[in-house]
Amino acid sequence: MAQWDYDVIIIGGGPAGLTAGLYAGRARLKAVLLEKLIHGGQMMTTDFVENYPGFPEGISGAELSDRMRQQAERFGLEIRTAEVRELQPGDGFHTVKLEEGELKAGAVIIATGASYKRLGVPGEDKFTGRGVSFCATCDGALYRDQEIAMVGGGDSALSETIFLTRFAKKIHLIHRRDEFRGAKYLQEKVLNMDKVQVHWDTVVQEFQGDEQGLNGLKLKNVKSGETSFLPVEGAFVAIGITPNTEWLKDLLPLDEWGFIFTDPEMATKIPGIFAAGDVRAKNLWQIATAVGDGAVAANAAEHFLQQVKQG
Ligand code: NAP
């Protein structure tokens, strides 16, 4: 009789966690996936996924997430809504402390993903939800026929700008350099859109507004030093991601941005604790790479548990 509740506890229900759950289920491990709110992670706020293989016409993030969940559950994965407070490594088993109660497992896979980065300038917090948004899929439709801004120059800012052209009258794309970071294909698309005006070498100094909400951005051109006011009804910020590892920082070695170091088998420094997906230090944070991480982590956890059982 095992001394733990589950063979594997998977923390986080994005593509990495759901794939780890699928593989754990197929390996006939007793596995549970713990998700704070709803499964899907950032996929749930991605309008349209065009670069996940197997869907030549693209697929909505929500549908892809739902399909991954169904597939994992078909092979026996249990999914629970629970907020994890702490992970206590131990000899023989690890303890996952929840808001209510605790669970013990032989192996743990951390797949807690990442959250949106914030600019950290005045007005950003005050007007979040009242004109400032981090999720074009969630809030884009609020700005039908209005003039809005998007801040960032990576894949997220470019693909969300394309999405927002469905609603907005005009989109001001504000980027701090004179070259985008995002994929060339997205750059070409954005630069050919009449509704999009790019403000190169420009940073947001302040989000300004009144009791009604946001009414514009104070901008600065970093080359000329010139400042200006851009009147907009909404502003989206898509400047990258921060890993959800705050709760792990005294436990595991993290890189300078807070991503978890793993070996190629997704193993962390603590035997039996693995990390997969956006939470992990790597070079490409995509659904496709998260899925790969999840498969490798579950396979490595299975091997680890076999070794433990063989003593
Ligand atoms: P990202 O690739 O890290 O790009 C962040 C962008 O925001 C960069 O252009 C950066 O400017 C800018 N930025 C960062 N901090 C800033 C600040 N404080 N002030 C102003 N600008 C700032 O982030 P991402 O676009 O969110 O993408 C994250 C990951 O998800 C990437 O791996 C990306 O490939 C992936 N993703 C892929 C797709 C897709 O369709 N394939 C879609 C979304 C996301 P600099 O360029 O000057 O550094």
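Owing to the predicted nature of the structure, the values given are computational and were not obtained by experimental measurement.

Definitions and cut-offs
- Residues numbered from 1 in each chain as written.
- Predicted model: local features only at pLDDT ≥ 70, side-chain atom pairs only at ≥ 80, totals over all residues.
- Heavy atoms only, no water.
- Helix = DSSP H or I, 4+ residues; strand = E, 2+ residues; numbered from the N terminus.
- Rg over C-alpha atoms; globule rule 2.2 N^0.38 Å.
- Buried < 20%, exposed > 50% of the residue type's maximum accessible area, 1.4 Å probe, protein only.
- Areas by Shrake-Rupley, 256 points an atom, 1.4 Å probe, with all protein chains shown as cover.
- Lys, Arg positive; Asp, Glu negative; His and termini not counted.
- Charge placed at Lys NZ, Arg CZ, Asp CG, Glu CD.
- Near = heavy atom within 4 Å.
- Polar contact = N/O pair within 3.5 Å; in protein donor to acceptor, adjacent residues only side chain to side chain.
- Nonpolar A, V, L, I, M, F, W, Y, C, P; charged D, E, K, R; others polar.
- Domains from an automatic or database assignment.
- Contact = heavy atoms within 4.5 Å.
- Buried area = accessible area lost by both parts, 1.4 Å probe.
- Pairing = 2+ DSSP bridges.
- Axes fitted to C-alpha atoms, helices over the stretch in contact; angles between N-to-C directions.
- Expected span 1.5 Å × (residues − 1).
- Arc of directions from axis to C-beta.

> Which residues make up the overall build of the chain, and what are the values?
Scanning the chain from N- to C-terminus turns up seven helices and 17 strands. Against the compact-globule benchmark of 19 Å for 311 residues, the chain has a radius of gyration of 21 Å, which places it among compact chains. In terms of principal-axis extent, the alpha carbons of the chain reach across some 70 × 40 × 35 Å. Within the chain, buried positions represent 48% of all 311 residues. Surface accessibility of the chain: about 15,600 Å² in total, with carbon and sulfur atoms responsible for 48%. Across the chain, the centroid of the 33 positively charged side chains sits 1 Å from that of the 42 negatively charged ones.

> Account for the site of the ligand, with residues named and values stated.
Around the ligand sit 17 residues, and of these Asn51, Asp155, Ser156, Arg177 and Arg181 come closest. In this structure, Gly154 approaches the ligand through a main-chain N or O atom, which is 3.2 Å from an oxygen atom. The separation between an oxygen atom of the ligand and a polar side-chain atom of Gln286 is 2.9 Å. Notes on the ligand: free accessible area 910 Å², of which the protein chains cover 76%. When the residues that make up the shell around the ligand are grouped by side-chain class, the tally is three nonpolar, nine polar and five charged.

> Account for the domain arrangement of the chain, with residues named and values stated.
Reports often express the size of an interface as the amount of accessible area lost when the parts come together. Each assigned domain of the chain is listed with its residue range as follows: domain 1 (6-115 + 241-310) and domain 2 (118-237). Relative to domain 2, the C-alpha centre of domain 1 lies at a distance of 32 Å. In this complex, domain 1 contributes five residues to the contact, which on the side of domain 2 involves seven residues. For domain 1, the biggest contributors to the area lost against domain 2 are Thr45, Asp47 and Glu50; these three give 87% of the whole.

> With reference to specific residues and values, describe the environment of Asn299.
Along the polypeptide, Asn299 turns up in helix 7 (residues 287-310). The spatial distance from the C-alpha of Asn299 to the C-alpha of Ala27 is 8.2 Å, given a sequence separation of 272 residues.

> Summarise the sheet that holds strand 13 (residues 213-221); cite the residues concerned and give the values.
Pairing is antiparallel across the open sheet formed by three strands, whose spatial order is 12-13-14. Each edge of the open sheet is held by one strand with a lone partner, namely strand 12 (202-210) and strand 14 (227-231). Strand-to-strand twist across the sheet, computed as the mean angle between neighbouring axes with direction ignored, equals 25 degrees. Here eight bridges tie strand 12 to strand 13, and the two strands are oriented antiparallel to one another. Across the sheet, the residue bridging to Thr202 is Asn221, located in strand 13.

> Just give me the short version of helix 2 (residues 61-74), but keep the residues and values in it.
Here helix 2 is 14 residues long and its end C-alpha atoms lie 20 Å apart, about the 20 Å a rise of 1.5 Å per residue gives. Within helix 2 the residues assigned to the buried category are Gly61, Leu64, Ser65, Met68, Arg69 and Ala72. Within helix 2, the buried residues cover an arc of 135 degrees as seen down the axis, which keeps them to one side. Two residues or fewer after helix 2 comes Gly76, characterised by a positive phi angle close to 100 degrees.

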